[in-house]
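Observations on the three-dimensional arrangement
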Amino acid sequence: MTPSLSSSAPSPSSAPLRIAYSPCPNDTFVFDAWAHGRVAGAPELDVTFADIDITNGMAERGEFDVLKVSYAVLPWILDKFTLLPCGGALGRGCGPLVLTKEPGADLTGKTVAVPSERSTAYLLFRLWAADVVPGGVGEIVVLPFHEIMPAVRDGKVDAGLVIHEARFTYQDYGLHNLADMGAHWESTTGLPIPLGAIVAKRSLGADALRLLAESIRRSVRMAWDDPEASRPYVQEHAQEMDPKVADQHIGLYVNEFTADLGEDGYAAIRGLLTRAAAEGLVPALPADALNFV
């Protein structure tokens, strides 16, 4: 389905909720049971698939009822949306990578391709670069995710910031892992890596928001209880990804934080956004901005 570019009002209770998430295996795994009507009592969904840079823009324009977005975009959208305490992607050992054609490359003044400048990956990259590239990187080029590794391989850019399944496939392009943004984040903070968030329109109301959170939790648990049930949906949208890679992707990004952010999850989100604000990368958040209903 093609994402709408027009603003949408909150859905009436009798209409399906308009939701946008990525075709990546972790999202289709999480939402499979709910999207296919197997979560009893959950609202009906009208699903649009879009990459994270598109959904970030949708959220900034106030579109859709529920979206998967980067944690990095929260400072610009929490006036209209609230962060749901489940359904997103946080974890350990799952951070973005900086890839280069030659091992041990120096990125000082070099061109780096990134999937979005409003992404968590980009924030982690800028925080890493501030610590380990004292001369500063050069030009930042935004490319669609699937074009980044070929661009590095072909010498069109000096380095690429990649996410998701690229962790498992970059060697197929003859590339080298220069640095792991997640490893740097974990070693300097001790916190899990906050990547993708699920947000919903505040105007839906407290009761509806609680129902959404419970529906996500039940959908996640149903997927864990019967992983094979989600496989057709996952593979349908995995863009010819090897099923083994899809399973690795799910194993890495769907974990206890997906079911509930918990204290460590919220600490990671606050830590990222507070540090990014101190570096002038995002606006500062009010103290209660992440509170759920």
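Residues numbered from 1 in each chain as written. Predicted model: local features only at pLDDT ≥ 70, side-chain atom pairs only at ≥ 80, totals over all residues. Heavy atoms only, no water.

1. Concerning unusual backbone geometry
Phi at phenylalanine 64 takes a positive value of approximately 70 degrees, unusual for a residue other than glycine. Within the fold, phenylalanine 64 resides in the loop between α2 (52–60) and β3 (66–70). Its relative accessible area of 0% is what places phenylalanine 64 among the buried residues. (Helix = DSSP H or I, 4+ residues; strand = E, 2+ residues; numbered from the N terminus. Buried < 20%, exposed > 50% of the residue type's maximum accessible area, 1.4 Å probe, protein only.)

2. Examining the sheet that holds strand β6 (residues 97–100)
Taken in spatial order, the five strands of this open sheet run β8-β7-β9-β6-β10, and their pairing is mixed. One side of each edge strand has no neighbouring strand; the edge strands of this open sheet are β8 (140–142) and β10 (176–180). Between one strand axis and the next, the sheet turns through 30 degrees on average, direction left out of account. Judged from the three bridges that link them, strand β7 (residues 112–114) and β8 form a sheet pairing that is parallel. Each residue of the ladder has a partner; that of alanine 113, found in β8, is valine 141. (Pairing = 2+ DSSP bridges. Axes fitted to C-alpha atoms, helices over the stretch in contact; angles between N-to-C directions.)

3. Looking at the confidence of the model for the chain
On average, residues of the chain score 91 in pLDDT, and 95% of them are at 70 or above. In the predicted structure, residues 1–13 sits below a pLDDT of 50 and forms 35 contacts with residues beyond four places in sequence or in another chain. (pLDDT = per-residue confidence, 0-100. Contact = heavy atoms within 4.5 Å.)

4. Digging into the packing of helix α4 (residues 120–132) against helix α12 (residues 262–278)
Contact geometry for α4 and α12: axes closest at 11 Å, N-to-C directions at 55 degrees. Relative to α12, α4 is oriented oblique. Between α4 and α12 lies a crossing whose hand is left-handed. Mapping the contact onto sequence places Thr120, Leu123, Leu124, Leu127 and Asp131 in α4 and Leu272, Leu273, Arg275 and Ala276 in α12. Tallied by class, the residues present in the contact of α4 with α12 amount to six nonpolar, one polar and two charged. (Parallel < 35°, antiparallel > 145°, perpendicular 65-115°, else oblique. Left-handed = near helix turned anticlockwise from the far one by under 90°. Nonpolar A, V, L, I, M, F, W, Y, C, P; charged D, E, K, R; others polar.)

5. Some thoughts on the packing of aromatic side chains
As enumerated under the stated definition, the model contains six aromatic pairs in all. One aromatic cluster is present, built from ring pairs that chain together Tyr21, Phe31, Trp34, Phe49 and Tyr233. The lysine or arginine in question, arginine 18, covers the ring of phenylalanine 64, its NZ or CZ lying 4.1 Å from the ring centre. The aromatic ring of tryptophan 76 is capped on one face by arginine 118, whose charged end is 3.7 Å from the ring centroid. (Phe/Tyr/Trp six-rings, centres within 6.5 Å; stacked < 30°, edge-to-face > 60°. Lys NZ or Arg CZ within 6 Å of the ring centre and 35° of its normal.)

6. Brief notes about the nonpolar core
Core analysis: the biggest nonpolar cluster contains 57 residues, and Leu67, Val69, Leu74, Leu83, Phe125, Trp128 and Ile269 have the highest contact counts within it. Of the residues forming this core, the biggest block, eight residues, is contributed by α4. Not counting residues within four places of it along the chain, the set of residues in contact with valine 69 comprises Ile52, Thr55, Asn56, Ala59, Leu74, Ile77, Leu195, Gly196, Ala197 and Val199. Grouped together as the second largest cluster of nonpolar side chains are 33 residues, Leu17, Ala213, Val234 and Ala246 included. (Core = buried A, V, L, I, M, F, W, Y, C linked by side-chain atoms within 4.5 Å.)

7. A look at the side chain of glutamate 186
Take glutamate 186: it is sitting in helix α7 (residues 181–189). A polar contact is formed between the side chain of glutamate 186 and the backbone nitrogen of glycine 93, at a distance of 2.8 Å. Setting aside anything within four residues of it in sequence, one finds glutamate 186 in contact with Arg92, Gly93, Leu191 and Ile193. (Polar contact = N/O pair within 3.5 Å; in protein donor to acceptor, adjacent residues only side chain to side chain.)

8. Digging into the environment of glutamate 63
On the secondary structure map, glutamate 63 appears in the loop between α2 and β3. Residue glutamate 63 is classed as buried on the basis of its relative accessible area, which comes to 1%. Considered as a pair, glutamate 63 and lysine 201 are 138 residues apart in the sequence and their alpha carbons are 9.0 Å apart. In this structure the side chain of glutamate 63 is engaged in a polar contact, spanning 2.9 Å, whose partner is the side chain of arginine 61.

9. Comments concerning the side chain of aspartate 65
Secondary-structure assignment places aspartate 65 in the loop between α2 and β3. For the buried aspartate 65, which has no salt bridge, the nearest side chain bearing the opposite charge is lysine 201, at an N-O separation of 5.1 Å. Here arginine 18 takes part through its backbone nitrogen, which lies 2.7 Å from a polar atom of the side chain of aspartate 65. (Lys, Arg positive; Asp, Glu negative; His and termini not counted. Salt bridge = Lys/Arg side-chain N within 4 Å of Asp/Glu carboxyl O.)

10. A look at the environment of histidine 176
By secondary structure assignment, the location of histidine 176 is in strand β10. Residue histidine 176 is classed as partly exposed on the basis of its relative accessible area, which comes to 33%. It is 9.7 Å that separates the C-alpha atoms of histidine 176 and alanine 159, two residues lying 17 residues apart in sequence. Among all residues touching histidine 176, those that are not within four sequence positions of it are Val98, Leu99, Thr100, Lys101, Glu102, Pro103 and Tyr170.

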